[in-house]
Amino acid sequence: MPKLYQYMGINLWFWSDEHDPIHLHARCNGATMIVKLYVKNGRVWRVTYKAKSGKFSADKEKALRTLVSAMKENIRTAWIDYFINHQHIAPIIINKKIK
């Protein structure tokens, strides 16, 4: 279960036996969300968010959306590296607020 990011108390990861479309799991204060990235012509063109359990606070959901928006192409690349190329993914801890 490779962890991708830790940001403002939010942890994001892939499960090791994932499936398409590209998606990641986010957890914060016991709440979890599924974030799906849709790719067209090699680029992320759409992102969806769905609560799985509990509810993110408004500020944490905004932070999650900001992070994914800023890192969506990196997430796409990490998915390919991990699931297609079988490479290790090192987690990235972000301590500064993304604007």
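To be clear, the structure that these remarks concern was listed above.
Calculation rules
- Residues numbered from 1 in each chain as written.
- Predicted model: local features only at pLDDT ≥ 70, side-chain atom pairs only at ≥ 80, totals over all residues.
- Heavy atoms only, no water.
- Helix = DSSP H or I, 4+ residues; strand = E, 2+ residues; numbered from the N terminus.
- Buried < 20%, exposed > 50% of the residue type's maximum accessible area, 1.4 Å probe, protein only.
- Polar contact = N/O pair within 3.5 Å; in protein donor to acceptor, adjacent residues only side chain to side chain.
- Contact = heavy atoms within 4.5 Å.
- Phe/Tyr/Trp six-rings, centres within 6.5 Å; stacked < 30°, edge-to-face > 60°.

Peer 1: Before we go on, may I ask you to explain the side chain of Glu73 in this structure?
Peer 2: Assignment of secondary structure puts Glu73 in helix H1 (residues 58-84). Owing to a relative accessible area of 19%, Glu73 belongs among the buried residues under this scheme. From its side chain, Glu73 meets the backbone nitrogen of Val44 in a polar contact 2.9 Å long. Sequence-distant contacts of Glu73, that is, excluding residues within four places in its chain, are made with Gly42, Arg43 and Val44.

Peer 1: Before we go on, may I ask you to explain the environment of Arg46 in this structure?
Peer 2: As for its placement among the helices and strands, Arg46 is situated in strand S5 (residues 43-53). When its relative accessible area of 39% is taken as the criterion, Arg46 is described as partly exposed. Sequence separation between Arg46 and Lys72 is 26 residues, and the spatial gap between their C-alpha atoms is 9.7 Å. In this view, Arg46 contacts Lys36, Leu37 and Tyr38; residues no more than four positions away in its chain are not counted.

Peer 1: Would you mind showing me how to read the packing of aromatic side chains here?
Peer 2: Aromatic rings in a pair are described by how distant their centres are and how their planes are angled relative to each other. Tallied over the entire structure, the rule returns five aromatic pairs. A centroid spacing of 5.1 Å and a plane angle of 90° characterise the contact between Phe14 and Trp79, whose relative ring orientation is edge-to-face. Taken as a pair, Phe14 in the loop between strand S2 (10-13) and strand S3 (22-28) and Trp79 in helix H1 lie far apart in primary sequence, 65 residues in all. This pair shows no difference in class: Phe14 is buried, exactly as Trp79 is. Here the aromatic rings of Trp79 and Phe83 are separated by 4.4 Å at their centres, their planes lie at 45°, and the arrangement is tilted.

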